[in-house]
Amino acid sequence: MSEDNIRYEQVKIICAEDCGNAPKKELLRAFNVAFVCNDIDFIIENIIEDIQWNFIGSNKLQGKDQVCRMLEKLNDKTPTELVISNIITHGYSGSLNGILNLESNISYAFCNIYRFNSSLNKTKIKEITSFIIDISK
């Protein structure tokens, strides 16, 4: 069993059933699960080369290389649960919000807003804007 599979098995995923009834919703669900489980291959496969990822109040990443470096730095974080509250998609846009729980009672509420490179089902993510709030107890 690969390290990625072990990590997927260790994270509890909670998501409303209606969050996966459309291809783009399923992409956003899978993308966020891959992010939490640090599945870099899945993430790289589903973003465009010159992706722009803006973390509001923090920093901005430009391109796949910067995204990979950020993901590698997150590898030491141990997620325990991902709760996806809503996934909304329409045309070139989408959003997903929820709560990420890590070990040591660390929790983040987040909302990600996505821009796709196409309005069609076979699309990739070209831009992400992330709002993240530490809600740890």
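None of these values were measured; they are calculated from a predicted model. Per-chain numbering applies: the sequence of each chain, read as written, is numbered from 1 onward. Side-chain atom pairs in this predicted model are given and counted only at pLDDT of 80 or more, local residue features only at pLDDT of at least 70, and totals for whole chains, interfaces and linings cover all residues. As a rule here, side-chain values come from all non-hydrogen atoms in the structure, and water together with hydrogens is ignored.

Chemist: Help me understand the overall build of the chain in this model?
Modeler: Along the chain, the regular secondary structure elements total four helices and seven strands. Counting from the N terminus, the helices are DSSP H or I runs at least four residues long and the strands are E runs at least two residues long. Reading the helices (α) and strands (β) of the chain from amino to carboxyl end gives α-β-α-α-β-β-α-β-β-β-β. What the globule rule says is 2.2 Å times the number of residues to the power 0.38, and the radius of gyration is computed from C-alpha atoms. For 137 residues, the compact-globule estimate of 2.2 N^0.38 gives 14 Å, and the chain sits close to it at 14 Å. If you line up the chain on its principal axes, its C-alpha atoms span 40 × 35 × 35 Å. When accessible area is computed with a 1.4 Å probe and restricted to protein chains, residues below 20% of their type maximum are described as buried, those above 50% as exposed, and intermediate ones as partly exposed. Expressed as a percentage of the 137 residues in the chain, the buried residues total 39%. In what follows, a contact means two residues having at least one pair of non-hydrogen atoms within 4.5 Å. Once local pairs closer than 6 in sequence are excluded, the contacts in the chain between residues at least 24 apart make up 51%. Total accessible area computed for the chain in this model is approximately 7900 Å², and 49% of it derives from carbon and sulfur atoms. Accessible surface area values rest on a Shrake-Rupley calculation with a 1.4 Å probe, where residue burial reflects the displayed protein chains alone.

Chemist: Explain helix α2 (residues 23–36) here, please?
Modeler: Each full turn of the α-helix corresponds to 3.6 residues, which orients residues three or four apart in the same direction. The end-to-end C-alpha distance of α2, which contains 14 residues, comes to 20 Å, matching closely the 20 Å that a straight helix rising 1.5 Å per residue would cover. Along α2, 10 of the 14 residues are buried, which leaves the element largely enclosed by surrounding structure. Every buried residue belonging to α2 is among Lys24, Lys25, Leu27, Leu28, Ala30, Phe31, Asn32, Val33, Ala34 and Val36, and all of these are buried. Within two residues after α2, Asn38 carries a phi angle of roughly 55°, on the positive side. Between the first and last residue of a helix there are one fewer steps than residues, each counted as 1.5 Å, and that sum is the expected span.

Chemist: How should helix α4 (residues 64–73) be read in this particular structure?
Modeler: Among all positions of α4, only Lys64, Val67, Cys68, Met70 and Leu71 are buried. Buried residues along α4 cover an arc of 165° about the axis, so they all sit on one side. Exposed residues lying more than 90 degrees from the buried face of α4 are Asp65, Glu72 and Lys73. Residues of α4 that are buried make contact with α2, α3 (40–45), β2 (47–55) and β3 (60–62). Note that the arc is computed from the directions linking the helix axis to the C-beta atoms.

Chemist: Is there a simple way to think about the confidence of the model for the chain in this case?
Modeler: Where the model shows low pLDDT, its predicted coordinates should not be examined in detail. Residues of the chain with pLDDT of at least 70 account for 91%, and the chain-wide mean is 89. pLDDT runs from 0 to 100 and stands for how confident the predictor is about each residue. For the chain, helix α1 (residues 3–10) is the element with the lowest average pLDDT, namely 57, and strand β7 (residues 125–134) is the one with the highest, namely 98. Contacts from residues 1–6, a stretch scored under 50 in pLDDT, to residues over four places away or in other chains number five contacts.

Chemist: Help me understand a nonpolar patch on the surface in this model?
Modeler: Like-charged residues are merged into a patch within 9 Å and nonpolar side chains (Val, Leu, Ile, Met, Phe, Trp, Tyr) within 5 Å, provided each residue has over 30% relative accessible area and no salt bridge. We define a salt bridge as a side-chain nitrogen of Lys or Arg found within 4 Å of a carboxyl oxygen belonging to Asp or Glu. Together, Ile56, Ile113 and Phe131 make up an exposed nonpolar region whose accessible area comes to about 250 Å². Turning to its location among the elements, Ile113 is positioned in strand β6 (residues 106–116).

Chemist: Please clarify how the environment of Asp76 should be interpreted in this entry.
Modeler: Mapped onto the elements, Asp76 comes out in the loop between α4 and β4 (79–90). Each C-alpha atom, one on Asp76 and one on Ser58, is 20 Å from the other, the two residues being 18 residues apart in sequence.

Chemist: Help me out: how do you make sense of the sheet that holds β3 in this one?
Modeler: Strand pairing in a sheet takes place through backbone hydrogen bonds and is either antiparallel or parallel in direction. Across the sheet, which stays open at both edges, the seven strands sit in the order β1-β4-β5-β6-β7-β2-β3 with mixed pairing between neighbours. Two strands bound the open sheet, and with one partner strand each, they are β1 (12–15) and β3. Along the sheet, successive strands turn relative to each other by an average axial angle of 20°, direction set aside. What makes two strands pair is DSSP finding at least two bridges between them. Sheet topology places β2 next to β7; five bridges connect them, and they run parallel. By the bridge assignment, Ile47 is partnered in β7 with Ile125. Along the sheet face, α2 touches β1, β2, β4, β5 (93–102), β6 and β7 and points at about 155° away from the line of β4. Lines fitted to C-alpha atoms define the axes, with helix axes restricted to the stretch in contact, and inter-axis angles between N-to-C directions lie between 0 and 180 degrees.

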